[in-house]
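# A look at the structure
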Amino acid sequence: MAKNPDRETRFRFKQFEVSDCVSAMKVGTDGVLLGAWCPVEGVRKAIDVGTGTGLIALMLAQRGVESIRGVEIDNAAAEEAASNIRSSIWSDMIKIECADINSVSLVPESFDLVISNPPFFSSALKSPDDARATARHESGLNYESLIALASKVLKPDGKLAVISPADREPDITFSCAMHKMWVARKTYVRTSPSHVPKRILWVIARQNQPCLSDTLCIKDDNNNYSNDYIRLTSDFYLYI
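Residues numbered from 1 in each chain as written. Predicted model: local features only at pLDDT ≥ 70, side-chain atom pairs only at ≥ 80, totals over all residues. Heavy atoms only, no water.

### What to know about helix 2 (residues 55-62)
With eight of its eight residues buried, helix 2 lies for the most part within the structure. By the burial criterion, the buried members of helix 2 are L55, I56, A57, L58, M59, L60, A61 and Q62. Once helix 2 finishes, G64 follows within two positions and takes phi at roughly 105°, a positive value. (Buried < 20%, exposed > 50% of the residue type's maximum accessible area, 1.4 Å probe, protein only. Helix = DSSP H or I, 4+ residues; strand = E, 2+ residues; numbered from the N terminus.)

### Overview of the nonpolar core
Within the largest apolar cluster, 44 residues are counted, with the highest numbers of intra-cluster contacts made by F13, F16, L60 and I94. Of all the elements, helix 2 adds the most residues to this core, at seven residues. Residues in contact with F13, not counting those within four places in the same chain, are V18, V27, V32, L55, F236, Y237 and L238. Of all hydrophobic cores here, the second largest spans 26 residues; its members include V114, L146, A150 and L160. (Core = buried A, V, L, I, M, F, W, Y, C linked by side-chain atoms within 4.5 Å. Contact = heavy atoms within 4.5 Å.)

### Regarding the packing of aromatic side chains
In this structure the tally under the stated criterion is five aromatic pairs. An aromatic cluster is defined as three or more aromatic residues linked by ring pairs; in this entry it consists of F13, F16, W90, Y225, Y229 and Y237. The residue whose ring lies beneath K45 is F111, and the NZ or CZ to ring-centre distance is 5.1 Å. Of note, K219 hangs over the ring of Y225, and the distance from its end group to the ring centre comes to 5.4 Å. (Phe/Tyr/Trp six-rings, centres within 6.5 Å; stacked < 30°, edge-to-face > 60°. Lys NZ or Arg CZ within 6 Å of the ring centre and 35° of its normal.)

### A word on the sheet that holds strand 9 (residues 199-205)
Here we have eight strands laid out as an open sheet, ordered 5-4-3-6-7-9-8-10, and mixed in their pairing. Each end of this open sheet is capped by a strand with a single partner; those strands are strand 5 (94-98) and strand 10 (212-217). Between one strand axis and the next, the sheet turns through 15° on average, direction left out of account. Bridge analysis of strand 3 (residues 45-49) against strand 4 (residues 67-72) gives five bridges, and the strand direction is parallel. When the sheet's bridge partners are listed, I47 is paired in strand 4 with R69. Contacts between helix 3 (residues 75-86) and the sheet are confined to strand 4 and strand 5, with strand 5 contributing the most and set at about 165° to the helix. (Pairing = 2+ DSSP bridges. Axes fitted to C-alpha atoms, helices over the stretch in contact; angles between N-to-C directions.)

### Looking at unusual backbone geometry
For E109, which is not glycine, the phi dihedral falls at a positive 55°. On the secondary structure map, E109 appears in the loop between strand 5 and strand 6 (111-116). Of the residues examined, E109 reaches a relative accessible area of 40% and is grouped as partly exposed. One non-glycine residue, K180, adopts positive backbone phi at about 55°. Residue position: K180 is located in the loop between helix 6 (169-178) and strand 8 (182-190). For K180, a relative accessible area of 71% puts it in the exposed group.

### A word on the environment of R206
Mapped onto the secondary structure, R206 falls in the loop between strand 9 and strand 10. Residue contacts for R206: discarding those within four places in its chain leaves E109, A150, S151, L154, K155, P156, G158, K180, M181 and W182. Here E109 takes part through its side chain, which lies 3.3 Å from a polar atom of the side chain of R206. Within polar-contact distance, the side chain of R206 engages the backbone oxygen of L154 at 2.7 Å. (Polar contact = N/O pair within 3.5 Å; in protein donor to acceptor, adjacent residues only side chain to side chain.)

### A few points about the pattern of salt bridges
Per the stated rule, a full pass over the model turns up 11 salt bridges. In this structure, R44 engages E66 in a salt bridge whose closest nitrogen and oxygen atoms are separated by 3.3 Å. In this pair, R44 sits in the loop between helix 1 (29-37) and strand 3 while E66 sits in the loop between helix 2 and strand 4, placing the two residues 22 residues apart along the sequence. You can call R44 exposed: its relative accessible area is 55%. Among the salt bridges present, the one from K186 reaches E169, with a minimum N-O distance of 2.7 Å. Taken as a pair, K186 in strand 8 and E169 in helix 6 lie far apart in primary sequence, 17 residues in all. Like K186, the residue E169 is buried in the burial classification. Three or more residues joined by partner-sharing salt bridges are found here, namely R10, R12 and E17. (Salt bridge = Lys/Arg side-chain N within 4 Å of Asp/Glu carboxyl O.)

Any link to function would need more than the numbers given here.
Okay, here's the thing in structure tokens:
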């Protein structure tokens, strides 16, 4: 595997480490937020679509999910994810496979949780680096395809958890309606109380239920990490 010299070589969390020198996309706040925030109560079997380095799969395992399948289309990323999993204490709970999720054979109604930190720069110019372009753009994986997938492979009480830019809210809401899925929770993520929401964390369910809505600020007015953000991520970050 060729290494990218611009990448950090290793990210250390409290219970695992993630190498990120080969995969096209770096470990970032979006993935950590989603892995820490998503609901795992009652979740025994999950699939992480576009697993990248395997970060979210490892976070789910730390949170007690027993069986996790990570699917990644990029070969270098899949190899790095598999290496990260092998070096963890949960290597027997996580399976990484290199494949296009649209061509993977999946049993209907077999997962409690579908989770993804998907590419979302649909209108941006593509990177000249093919792997980075695939990781960042919606040409291969998008919110509608994730919602369509979840509508088929989730158990009746299962859920889809994703993170999106705030401006994709109408598109995602429309796709849910098209596939007879229901928004169960939305958390609007602000950099600080004075900023407009930059991201939205979503829980989308197969069953009709009231939608809970709240806000998470990463930092407070003094530019320190907020108490809510610390509570959410303190089981993972070393220095927070």
